Amino acid sequence: MPHTTNSTCPKQPVIQALFGGTFDPIHYGHLQPVETLAYQTSLKQVILLPNHVPPHRPQPEATAQQRLEMVQLAVQDNPLFTVDKRELERTTPSYTIDTLESFRQELGHEQPLAFIIGQDALLSLHTWHRWQELLSLCHLLVCARPGYQTQFSTTEMQQWLTEHRVCAPNQLGNQPNGYIYLADTPLLPISATEIRQRRQQGLSCDDLLPPSVQKYIDSQGLYRQ
Ligand code: ATP
């Protein structure tokens, strides 16, 4: 009888992963680190969640519909990603805790659920609505981002990180929530702010975002003023 690894290896639970953002516009700094992270942590799928009314920052320049269309174009040929519109359909601020509660209602409390953020977002996590409850609903997977400290500025937050951090990604499947994983992802010095500024100045953004998104931005005349 042929040997099959499936018959001997315990099955790892599937981790459902979410990646929220304003995506004004979506760029390679979002996509490439998350693809590497997905490989490192064996994620089968990442759900992109464009937010409607971001609570922590100025309102986006592109409309919700335009940001959604850019996200859809960026990942249309990439089976790792799907797009979920639930934050866009809310008219209230897009609090991550509400989104996680909504996913937990669908998935139940046993399935591992992860929320992906960049290092900058980790450093400001203590400003998020009900941030202390996030780990009771999900794991946090953190992508490296250049230009940001790798440590918290307060000992309280650094201690919180140490308490929850796991270094082996295969631990993430062992429980449904509660861990923080700092991923070793490529450092891409790209931000949507820079893209919007370069567009205003008439500079090329060729290496910063997918050509399909670039074409869409041109056709809609976005970020020109
Ligand atoms: P803006 O410049 O308009 O503030 P942004 O480029 O930071 O936007 P967001 O949509 O606000 O993009 O970010 C969504 C998520 O992606 C956040 O968790 C952020 O930390 C992460 N992220 C954005 N750019 C990068 C990058 N270059 N490397 C790693 N993570 C990133």
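Note that the coordinates shown come from a computational prediction; the quantities given were computed from them, not determined experimentally.

A. Layout of the site of the ligand. H27, H30, D120, A192 and T193 are the nearest of the 21 residues found near the ligand. T22 has a polar backbone atom sitting 3.0 Å from an oxygen atom of the ligand. One nitrogen or oxygen atom from the main chain of L188 is found 2.9 Å from a nitrogen atom belonging to the ligand. When isolated, the ligand has an accessible area of 600 Å², and the protein chains bury 89% of it. For the shell around the ligand, the secondary structure elements donating two or more residues are β1 (16-21), α1 (28-41), β4 (113-118), α4 (119-123) and α6 (192-200). Residues that form the shell around the ligand fall into these classes: 8 nonpolar, 9 polar and 4 charged.

B. Highlighting the pairing of β4. Within β4, 6 of the 6 residues are buried, which leaves it mostly tucked inside the rest of the structure. The two faces of β4 match: L113, F115 and I117 on one face and A114, I116 and G118 on the other face are all buried. Here β1 pairs with β4 via 4 bridges, running parallel. Bridge pairing in β4 places F19 opposite I116. Pairing between β4 and strand β5 (residues 139-143): 5 bridges, direction parallel. Residue pairing in the sheet places I117 in a bridge with V142 of β5.

C. Local environment of the nonpolar core. Counting residues in hydrophobic clusters, the biggest one holds 39 residues, and the most contacted among them are I26, V46, M70 and I116. When residues of this core are traced back to their parent elements, those giving at least two are β1, α1, β2 (46-50), α2 (64-75), β4, β5 and α7 (211-220). Not counting residues within four places of it along the chain, the set of residues in contact with M70 comprises F23, P25, I26, A62, V213, Y216, I217, L222 and Y223. Grouped together as the second largest cluster of nonpolar side chains are 26 residues, L122, L123, L140 and F152 included.

D. View of α7. If you check which residues of α7 are buried, you get V213, Q214, Y216 and I217. Relative to the axis of α7, the buried residues are bounded by an arc of 160° and lie together on one face. For α7, the exposed residues set more than 90 degrees away from the buried face come down to P211, K215 and S219. Of the surrounding elements, those touching the buried residues of α7 are α2 and α6. Backbone geometry just after α7 places G221 at a positive phi near 65°.

E. Looking closely at the side chain of R86. Structurally, R86 is set in the loop between β3 (81-83) and α3 (96-107). The exposure class of R86 is buried, given its relative accessible area of 17%. Those residues within four positions of R86 in sequence are excluded, and the remaining contacts are L49, T99, S102, F103 and E106.

F. The pattern of salt bridges, seen in detail. Across all of its chains, the model carries 8 salt bridges by this definition. The partner of R130 in a salt bridge is E133, and the shortest N-O contact between them spans 2.8 Å. Among the residues examined, R130 registers a relative accessible area of 30% and is labelled partly exposed. Taking relative accessible area as the criterion, E133 reaches 33% and is therefore assigned partly exposed. Here R199 makes a salt bridge to D218, at a shortest N to O gap of 2.7 Å. With a gap of 19 residues between them, R199 in helix α6 and D218 in helix α7 connect regions that are remote in the sequence. Judged by relative accessible area, R199 falls into the buried class, the value being 7%. By sharing partners, the salt bridges in this structure join D24, E61 and R196 into a single network.

Rules behind the numbers
- Residues numbered from 1 in each chain as written.
- Predicted model: local features only at pLDDT ≥ 70, side-chain atom pairs only at ≥ 80, totals over all residues.
- Heavy atoms only, no water.
- Near = heavy atom within 4 Å.
- Polar contact = N/O pair within 3.5 Å; in protein donor to acceptor, adjacent residues only side chain to side chain.
- Areas by Shrake-Rupley, 256 points an atom, 1.4 Å probe, with all protein chains shown as cover.
- Helix = DSSP H or I, 4+ residues; strand = E, 2+ residues; numbered from the N terminus.
- Nonpolar A, V, L, I, M, F, W, Y, C, P; charged D, E, K, R; others polar.
- Buried < 20%, exposed > 50% of the residue type's maximum accessible area, 1.4 Å probe, protein only.
- Pairing = 2+ DSSP bridges.
- Core = buried A, V, L, I, M, F, W, Y, C linked by side-chain atoms within 4.5 Å.
- Contact = heavy atoms within 4.5 Å.
- Arc of directions from axis to C-beta.
- Salt bridge = Lys/Arg side-chain N within 4 Å of Asp/Glu carboxyl O.

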